[in-house]
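# Architecture and fold: a report
Here is what each chain is made of, one letter per residue.
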Amino acid sequence: MIDVPILNFSSPEEIISNAEEVIETFKSFGVVAIRGANLTVEQQVFVTKALGDLTGWVPNNSSNFEQQYVENHKRLSNKEDIAGDKVALGWHMEHVEYDHISPIIGGSWNMVKFTADPETGRTYFVNTAKLYDTLPDSDKEFLETAYVLWSEPGEDREFVTKAVRQHWLTGEPTIRLHIAEPFTEPKNLARIYDREPTEEERSRFVILRSKIISRIHNDENIRIVHRWNQGDLLIPDLFKGAHAATGGFTSDQREFIGYWLYPEDPDTHVEYEGLAKEVSNRVARTEELNVPK
Ligand SMILES: [Fe+2]
């Protein structure tokens, strides 16, 4: 396992004056922790926006958009009974279906309370750009032109997204696949090589996706781990960051204030990289796709 790189900065001003190092670490590693930050929520917004001015993400100082949430995993039952080195919040990628509008590309996670054992409630990451890089060329080529149809059982919504996309900041080809329930339709390859897939290609996709999921779950050589301290500010890249959390803590021992990062203000509904338009022109109308439901 690889540890999340930790930078020790103890004030918003110190973080901002070292912004280049923060951003370079975020870009190359896919996640960066700032230890001893101990930010108020106001300071967290200040730092997140200042970094947004430099990277282009939203929140930044050209936009009023802020989307705050509080995460203490209250709804995650049995987490206290699961060991600190076992996954309690399962591996997932954050709302890949948003790719057809504006994806979540990161988080600003301010751990305002952490009184649990640091070996518990860890966060695990796998960098899916690095993972893509390790695939055989034949699998890369197969995924490169693949469009995937996601449908949520019980929900009257369907989305078509690209299996691999260029990273919004670094340009790396990055795997963008749902890896968790409820997005487990067995045959969800919608389009490949600019045509309808064959049955064989659909099966190949299912197997390849399973292999990718298995690597994410089990390959400790690519697993990145963060052991939390209270006061940490963690900035994960969630465009290329599959992630999970381990158990062993209670909701009153671990709480962070989060802000989602987007490549642009989602309220403007500007189409990201033209992808939504591309999809709607070519493949998005799922009734035209003749994809098995
Ligand atoms: Fe998440």
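Keep in mind it's a predicted model, so treat the numbers as computed, not measured.

Sheet faces and side chains relate simply in a regular strand, where the side chains alternate between the two faces. Residues Ile224 and His226 point to one face of strand β13 (residues 223-226) and are all buried, whereas Arg223 and Val225, pointing to the other face, are not buried. Taken together, the two bridges between strand β1 (residues 2-3) and β13 define a ladder with parallel strand orientation. Paired with Ile2 across the two strands is Ile224, which belongs to β13. With four bridges connecting them, strand β7 (residues 123-127) and β13 associate as antiparallel partners. Following the sheet pairing, Tyr124 is matched in β13 by Val225.

To continue, consider the packing of helix α2 (residues 19-29) against helix α3 (residues 41-55). Where α2 contacts α3, the axes come no closer than 11 Å and their chain directions differ by 70°. As far as their axial angle goes, α3 and α2 are roughly perpendicular. For the pair formed by α2 and α3, the contact residues are Ala19, Val22 and Ile23 on the first element and Ala50, Leu51, Leu54 and Thr55 on the second. Its residues placed into classes, the contact of α2 with α3 shows six nonpolar, one polar and no charged.

Our next topic: the nonpolar core. Formed by 54 residues in total, the largest nonpolar core has its most connected members in Val31, Val32, Ala146, Val148, Ala163 and Leu177. Once residues within four sequence positions are removed from consideration, Val148 is found in contact with Val160, Thr161, Ala163, Leu177, Asn188, Leu189 and Ala190. In this structure, Trp57, Trp168, Leu261 and Tyr262 belong to the second largest nonpolar core, which totals ten residues.

Take the confidence of the model for the protein next. When pLDDT is low, close inspection of the predicted coordinates is not appropriate. Residues of the protein with pLDDT of at least 70 account for 88%, and the chain-wide mean is 89. In this model, residues 270-293 is a region of pLDDT below 50 whose contacts with residues beyond four sequence positions or in other chains number 31 contacts.

As a further point, take unusual backbone geometry. Val58 connects to Pro59 through a cis peptide bond whose omega is 15°. Here Pro59 shows up in the loop between α3 and β4 (68-71). The phi dihedral of Asn38 is positive, around 45°, even though this residue is not glycine. Among the secondary structure elements, Asn38 is positioned in the loop between β3 (31-35) and α3. Notably, Tyr193 is not glycine yet its phi reads approximately 50°, a positive angle.

Time to look at α2. Along α2, the residues classified as buried are Val22, Thr25 and Phe26. Down the axis, α2 shows its buried residues gathered within 100° of arc, on one side only. Seen from the open side of α2, the exposed residues pointing more than 90 degrees away from its buried face are Glu20, Glu24 and Ser28. At the C-terminal side of α2, Gly30 shows a positive phi close to 90°.

Quick look at the environment of Thr246 now. With respect to the secondary-structure elements, Thr246 resides in strand β15 (residues 241-246). Sequence separation between Thr246 and Gly90 is 156 residues, and the spatial gap between their C-alpha atoms is 8.5 Å. Excluding anything up to four places from it in sequence, Thr246 contacts Gly84, Asp85, Lys86, Val87, Ala88, Thr120, Gly121, Arg122 and Tyr124.

Conventions we followed
Residues numbered from 1 in each chain as written. Predicted model: local features only at pLDDT ≥ 70, side-chain atom pairs only at ≥ 80, totals over all residues. Buried ≥ 20, exposed ≤ 12 C-beta atoms within 10 Å, placed from the backbone. Helix = DSSP H or I, 4+ residues; strand = E, 2+ residues; numbered from the N terminus. Pairing = 2+ DSSP bridges. Axes fitted to C-alpha atoms, helices over the stretch in contact; angles between N-to-C directions. Parallel < 35°, antiparallel > 145°, perpendicular 65-115°, else oblique. Contact = placed C-beta atoms within 7 Å. Nonpolar A, V, L, I, M, F, W, Y, C, P; charged D, E, K, R; others polar. Core = buried A, V, L, I, M, F, W, Y, C linked by C-beta atoms within 7 Å. pLDDT = per-residue confidence, 0-100. Arc of directions from axis to C-beta.

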